[in-house]
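# Notes for the structure review
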Amino acid sequence: MSHLDRLRAVFRSALNLPADADVDGLEYRAIPQWDSLAHMALIAAMEDEFSVMIDTDEMIDMSSFAEAAGLLEKHGVGAAAI
């Protein structure tokens, strides 16, 4: 499974979305499920899945799936751009 597929699975799980939900264009607060509390759960799930530590500034700046993928790339995970 690619890093992006793993990230998609993390988003779907953390945000309680259906397994077939398209998350590639998802942005923070664009759906009711992605509120501030879910954002923290999403960050924690990303840290667990990819063994990275995301700092406070990165948490605040991460406001879309694309930015999450870029953040992982910055941390050396190797998630390709979507």
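The structure we're discussing is the one just above.
Residues numbered from 1 in each chain as written. Predicted model: local features only at pLDDT ≥ 70, side-chain atom pairs only at ≥ 80, totals over all residues. Heavy atoms only, no water.

Right, let's talk about the nonpolar core for a bit. If you look at the biggest cluster of nonpolar residues, it comprises 26 residues, and the most contacted ones within it are L7, F11, L42, M46 and M62. Contributions of two or more residues to this core are made by α1 (3-14), α2 (36-50) and α4 (65-74). (Core = buried A, V, L, I, M, F, W, Y, C linked by side-chain atoms within 4.5 Å. Buried < 20%, exposed > 50% of the residue type's maximum accessible area, 1.4 Å probe, protein only. Helix = DSSP H or I, 4+ residues; strand = E, 2+ residues; numbered from the N terminus.)

As a further point, take the packing of aromatic side chains. Aromatic rings in a pair are described by how distant their centres are and how their planes are angled relative to each other. What the rule picks out here adds up to three aromatic pairs. Judged by centre distance (5.4 Å) and plane angle (90°), the rings of F11 and W34 are edge-to-face. Of this pair, F11 sits in helix α1 while W34 sits in the loop between α1 and α2, placing them 23 residues apart in sequence. Measuring from ring centre to ring centre gives 5.1 Å for F11 and F65, while their planes differ by 70°; the resulting arrangement is edge-to-face. Separated by 54 residues along the polypeptide, F11 in helix α1 and F65 in helix α4 bring together distant segments of the chain. In this structure F65 comes out as buried when scored by relative accessible area, which is 0%. These aromatic residues form a ring-pair network of at least three members: F11, Y28, W34 and F65. (Phe/Tyr/Trp six-rings, centres within 6.5 Å; stacked < 30°, edge-to-face > 60°.)

Distances and angles like these do not, on their own, reveal function.
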